[in-house]
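Residues per chain, in single letters:
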Amino acid sequence: MNCLPVNDISNIEMSLTLTLHTAPEVPLEAEAINPDRLVGLSEAEIAALSVYHGNQQAAIGDFFSVSGKGNSEFHIEGDLTRVKLIGAGLSRGRIVIHGNVGLHVGAAMSGGEIIVEGDALDWVGPEMSGGRIVVKGNAGHLVGSVYRGGRIGMRDGEIIVHGNAGNEVGNGMRNGLIAIGGDCGDFTGVNMLAGTIIVLGELGWRSGAGMKRGTIVSMHDVELLPTFSYACTYQPTFLRLYLLHLQELGLSIDDAYISGRYRRFSGDAVELNRGEALLLKS
Amino acid sequence: MWASRVIITAERPQWAMAAARSMTGFATSVIGCKCEAGIERHLTADETPDRRPGVSVLLFATTGEGIGKRLVERIGQSVMTCPTTACFAGLAGENEVVVGGQLRYFGDGYQISKRLNGRRFWRIPVMDGEFLVDDRFAIQPAVGGGNILILGKDTQATLRAAKAATKAMREVPGIILPFPDGVVRSGSKPGSRYKSLLASTNDPYCPTLRGIAPESKVIPDVDCVLEIVLDGLDLNAVHDAMRRGLRAAAKRGIKQISAGNYGGSLGQYQIRLYDLLKDSKPANDEII
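Fair warning: this is a prediction, and the values are worked out from it, not measured in the lab. Going along each chain's sequence as written, the residues are numbered from 1 onward. Labels follow written order: the first chain is A, the first ligand is 1, and so on. Under the rules for a predicted model, residues below a pLDDT of 70 receive no local features and side-chain atom pairs below 80 are neither given nor counted, while totals for whole chains, interfaces and linings still include all residues. With hydrogens and water excluded, all non-hydrogen atoms of the structure serve as input to the side-chain values.

Describing the overall build of chain B
In step 1: From N to C terminus, chain B includes seven helices and 16 strands.
In step 2: Just to be clear, the radius of gyration here is over C-alpha atoms, and the globule rule we use is 2.2 Å times residues to the power 0.38. The globule rule puts the C-alpha radius of gyration for 288 residues at 19 Å, and the 21 Å found for chain B is close to it.
In step 3: Seen through its principal axes, chain B has C-alpha atoms that stretch 65 × 45 × 30 Å.
In step 4: To sort residues, take the accessible area from a 1.4 Å probe on protein chains only and compare it with the maximum for the residue type: under 20% means buried, over 50% means exposed, and anything in between is partly exposed. By residue count, 50% of the 288 residues in chain B fall in the buried class.
In step 5: By definition in these notes, contact holds between two residues if any of their heavy atoms fall within 4.5 Å. Long-range contacts, defined as pairs at least 24 residues apart, comprise 71% of the intrachain contacts of chain B with a sequence gap of at least 6.
In step 6: Note on areas: Shrake-Rupley, 1.4 Å probe, and residue coverage restricted to the protein chains presented here. Total accessible area computed for chain B in this model is approximately 14,600 Å², and 50% of it derives from carbon and sulfur atoms.
In step 7: Working convention for charge: Lys and Arg count positive, Asp and Glu count negative, and His plus the chain ends are omitted. Taken as the charge location is NZ of Lys, CZ of Arg, CG of Asp or CD of Glu. Taking the average location of the 37 positive side-chain charges in chain B and that of its 30 negative ones, the two points are 2 Å from each other. Helix and strand labels come from DSSP, where a helix needs a run of H or I of at least four residues and a strand needs a run of E of at least two; each type is numbered from the N terminus.

Shown next, in the form of structure tokens:
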């Protein structure tokens, strides 16, 4: 996927920009903020689209000023901490959020790209099946996870968090890539079915609990559950591809990570035992 | 003709080259080897997908299906077996053959699939760790069987010219010279008096048959003929390599440079040597 640099603001003037003028008092459910719905609409048409402010129906124009024309890329400015579901169901195009963003950004998206210049609250990209989410700051809990009561979390795509992330990153993940530039909370990769989670910082407790398949990588040592067994120390070639890919995406990857040797642990033995944790050998 | 490019990487360049040599062994002619393969060039670490040193290999066969079968056989037996190697598709395109997706069964259920950036890889457990291979390799229509014939006064002069020609031709990207060190002495013509043979010796160019063969093309003062066969990913690459080869082979002791024509009936391309030399500059030591 070829992407424009996030700081390439020359493109902003040509695309749609939503600027928050009234901060919502309660969470604003803004599924409508999605290129799939906005392409080709005029400023007035976009401003009239409905959103839910708490349990009250409102319009995008009640909270955002709209400028430009809806095309495949648009920008959102302001503190969006109370704006939920931006880019939910996204299948194409690009959203750049110049600030923090609220819950469920990119939920169930299947394509396109979302860039968050600030922090993101919980549930980044839950049950997504394609596309890419990049969070330049920190992310909350349950990045790329399954919703409560569901069985399968992230099915494909990429989530890149430059900062830290909370608990249960990749809960129930089935495919795709989650990369965390900082530390992770507890239960990273819990109930993971497959896919890859790379944590450049430290892992929390009970990583990989209940995982069937999949890969959890950390550049720091961690005490794994007793149901993970040591296999060997080696240089996994596939990991070089992943780390080089993340480097291209702007994540800071030390050369020692790329050429390093990793201790491989198999787990979780309470499940299929076909998952793996790869810990960089210092 | 169809072709595919294979990128072999390894921890050290010599292991990548060892795998590449093994993979391209016994692959001189589609007639007898089912494919033609050769080493295109060395790759630096910066040029490979996993940033390890590597080698680029080109493999040609008459059908896309044939490419798939040969890749599975040769990567399975020659690359996967070689310590520390990994194997990647070197072309992009819609026409693909499944390679890693077949080799994965060697993993006996312990193989692991990874998908990154729209590409699927297989991690096959082996005794030094894992063999990583692309699930699919792109293939493309290509040009096979380009050739030049160098007619020299004796073996030494003809070998010298052939060596200079192969060196010049190898500098063209997208080209391989599938015969031993790029040179073939047993050039063939299509067909044979024996029904079971698809090809037989190129008697018009055998010096020992001058006076016997009905249409000998061995001119006076020529006692040795060597052929350089080349395959290319496209016609331009073949043109470029042949042009360089013609220029480089024009050395003292060479009486004539020609090409196999076979009545103009073999293959879909006809490359005229005089046309190739138009607008190209002679080499410094070229004998006109």
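Some details on the packing of helix α1 (residues 13–23) of chain B against helix α3 (residues 64–79) of chain B
Residue and element names in this part refer to chain B.
In step 1: Here an axis means a line fitted to C-alpha atoms, over the contact stretch when the element is a helix, while the angle between two N-to-C directions is reported on a 0 to 180 degree scale. The N-to-C vectors of α1 and α3 enclose an angle of 140°; their axes lie 9 Å apart at closest approach. One way to sum up the angle between α1 and α3 is to call them oblique. Two packed elements cross with a definite hand, and for α1 against α3 that hand is right-handed. Residues Ala19, Ser22 and Met23 of α1 form the contact with α3, whose participating residues are Leu71, Arg74, Ile75, Ser78 and Val79.
In step 2: When residues are grouped by polarity, Ala, Val, Leu, Ile, Met, Phe, Trp, Tyr, Cys and Pro land in nonpolar, Asp, Glu, Lys and Arg in charged, and all others, Gly among them, in polar. Of the residues in the contact of α1 with α3, the class split is five nonpolar, two polar and one charged. For classification, angles of less than 35 degrees are called roughly parallel, those exceeding 145 degrees roughly antiparallel, those between 65 and 115 degrees roughly perpendicular, and all remaining angles oblique. Each helix crossing is assigned a hand: it is left-handed if the near helix lies turned anticlockwise from the far helix by less than a right angle, otherwise right-handed if that turn is clockwise.

Details of the domain arrangement of chain B
Residues and elements named next belong to chain B.
In step 1: Residue ranges for the domains trace back to a domain assignment, done automatically or taken from a database. Each assigned domain of chain B is listed with its residue range as follows: domain 1 (2–140) and domain 2 (143–277).
In step 2: The gap between the C-alpha centroids of domain 1 and domain 2 is 30 Å.
In step 3: Tallying the contact residues gives 15 residues for domain 1 and 14 residues for domain 2.
In step 4: Defined in terms of a 1.4 Å probe, buried area is the accessible area two parts forfeit on being brought together, summed over both. Together, the buried faces of domain 1 and domain 2 total about 1,100 Å²; carbon and sulfur atoms form 66% of this surface.
In step 5: Looking at the side of domain 1 facing domain 2, the largest losses of area belong to Thr28, Ile31 and Phe60, adding up to 42% of the total buried there.
In step 6: By salt bridge we mean one thing: a side-chain nitrogen of Lys or Arg within 4 Å of a carboxyl oxygen of Asp or Glu. Where domain 1 packs against domain 2, one counts zero salt bridges.
In step 7: Here a polar contact is recorded for every N or O atom pair within 3.5 Å, except that within protein the pair must consist of a potential hydrogen donor and a potential acceptor, and residues adjacent in sequence are included only if both atoms are side-chain atoms. Put simply, domain 1 and domain 2 have two residue pairs in polar contact (both at pLDDT 80 or more) between them.
In step 8: Breaking the side of domain 1 that touches domain 2 down by element, the ones donating at least two residues are β1 (2–9), β2 (36–43) and β3 (54–61).
In step 9: Broken down by class, the residue content of the side of domain 1 that touches domain 2 amounts to eight nonpolar, four polar and three charged.

Here we look at the packing of aromatic side chains
In step 1: Aromatic rings from Phe, Tyr and Trp, taking only the six-membered ring of Trp, are treated as a pair when their centres fall within 6.5 Å; an angle between ring planes under 30 degrees marks them as stacked, one over 60 as edge-to-face, and anything in between as tilted. This structure, assessed with the given rule, holds four aromatic pairs over all chains.
In step 2: The interplanar angle of 65° and the centroid separation of 5.5 Å between the aromatic rings of A:Tyr230 and A:Phe265 together place this pair among those described as edge-to-face. Note that A:Tyr230 is positioned in strand β15 (residues 229–234) and A:Phe265 in strand β16 (residues 262–267), a separation of 35 residues in sequence.
In step 3: A residue is classified by how much of its surface remains accessible, and A:Tyr230, at 45% relative accessible area, is partly exposed.
In step 4: We classify A:Phe265 as buried; its relative accessible area is 11%.
In step 5: Note on B:Phe88 and B:Phe121: the rings are 6.2 Å apart at their centroids and 80° apart in plane angle, and the pair reads as edge-to-face. Linking B:Phe88 in strand β4 (residues 86–89) with B:Phe121 in strand β7 (residues 119–126), this pair joins segments that are 33 residues apart in sequence.

Comments concerning the interface of chain A and chain B
In step 1: The partner chain B presents 19 residues to the 25 residues of chain A that form the contact.
In step 2: Between chain A and chain B the total buried area reaches about 1,700 Å² when both faces are included, carbon and sulfur atoms providing 50% of it.
In step 3: Of all residues in chain A, A:Thr237, A:Leu241 and A:Tyr242 bury the most surface against chain B, accounting for 31% of the area lost on that side.
In step 4: There are two salt bridges connecting chain A and chain B.
In step 5: One can count eleven residue pairs in polar contact (both at pLDDT 80 or more) joining chain A with chain B.
In step 6: Of all the secondary-structure elements, those providing two or more residues to the side of chain A that touches chain B are β11 (156–161) and α3 (237–248) of chain A.
In step 7: Here the residues of the side of chain A that touches chain B sort into eight nonpolar, nine polar and eight charged.

Thoughts on the state of the cysteines
All names here are of chain B.
In step 1: Any pair of cysteine sulfurs within 2.5 Å is marked as a disulfide. Taken as a whole and judged by the stated rule, the model has zero disulfides over all chains.
In step 2: Cysteine cysteine 35 is unpaired, with the sulfur of cysteine 33 as its nearest cysteine sulfur at 6.8 Å.
In step 3: Classification of cysteine 35 by relative accessible area gives buried; the value is 0%.
In step 4: A disulfide-free cysteine, cysteine 87 has its sulfur positioned 11 Å from the sulfur of cysteine 82, the nearest such atom.

Observations regarding helix α6 (residues 235–249) of chain B
Residue and element names in this part refer to chain B.
In step 1: Compared with an ideal rise of 1.5 Å per residue, which puts 15 residues at 21 Å, α6 spans 21 Å between its outermost C-alpha atoms and is within 8% of the ideal.
In step 2: Here the buried face of α6 lies against β11 (143–152), α5 (155–169), β12 (175–176), β15 (224–232), β16 (254–258) and α7 (273–277).
In step 3: Its side-chain oxygen at 3.1 Å from the backbone nitrogen of asparagine 236, aspartate 234 defines the N-terminal cap of α6. Helices are assigned an expected span. That span is 1.5 Å times one less than the residue count.

Digging into the pattern of salt bridges
Residues and elements named next belong to chain A.
In step 1: Scanning the model with the defined rule gives 28 salt bridges over all chains in all.
In step 2: Ionic pairing is found between glutamate 29 and lysine 84, a salt bridge with its closest N-O pair at 3.6 Å. Of the two residues, glutamate 29 is situated in strand β2 (residues 28–29) and lysine 84 in strand β7 (residues 83–84); the sequence distance between them amounts to 55 residues.
In step 3: Through salt bridges with shared partners, one network takes in Glu73, Arg94, Glu113, Arg132 and Glu158.

So, the environment of B:Asp240
In step 1: Inspection of the secondary structure puts B:Asp240 in helix α6.
In step 2: Under the relative-accessibility criterion, B:Asp240 is labelled partly exposed at 23%.

Quick word on the nonpolar core
Residue and element names in this part refer to chain A.
In step 1: In this description, a nonpolar core means a group of buried Ala, Val, Leu, Ile, Met, Phe, Trp, Tyr and Cys residues linked to one another through side-chain atoms lying within 4.5 Å. In terms of nonpolar packing, the biggest core is built from 57 residues, with Phe64, Ile76, Ile86 and Ile97 touching the most fellow members.
In step 2: Tallying contributions element by element places strand β1 (residues 16–20) first for this core, with three residues.
In step 3: Apart from the residues within four sequence positions on either side, isoleucine 76 is in contact with Leu18, Ile33, Phe64, Ile86, Ile95, Val96, Ile97 and His98.

Observations concerning the side chain of A:Glu113
Residue and element names in this part refer to chain A.
In step 1: Tracing the sequence through the fold places glutamate 113 in strand β9 (residues 113–116).
In step 2: Looking at glutamate 113, the relative accessible area reads 5%, which means it is buried.
In step 3: Reaching out from glutamate 113, the side chain makes a polar contact with the side chain of arginine 94 at a distance of 3.0 Å.
In step 4: At 3.5 Å, the side chain of glutamate 113 and the side chain of arginine 132 are in polar contact.

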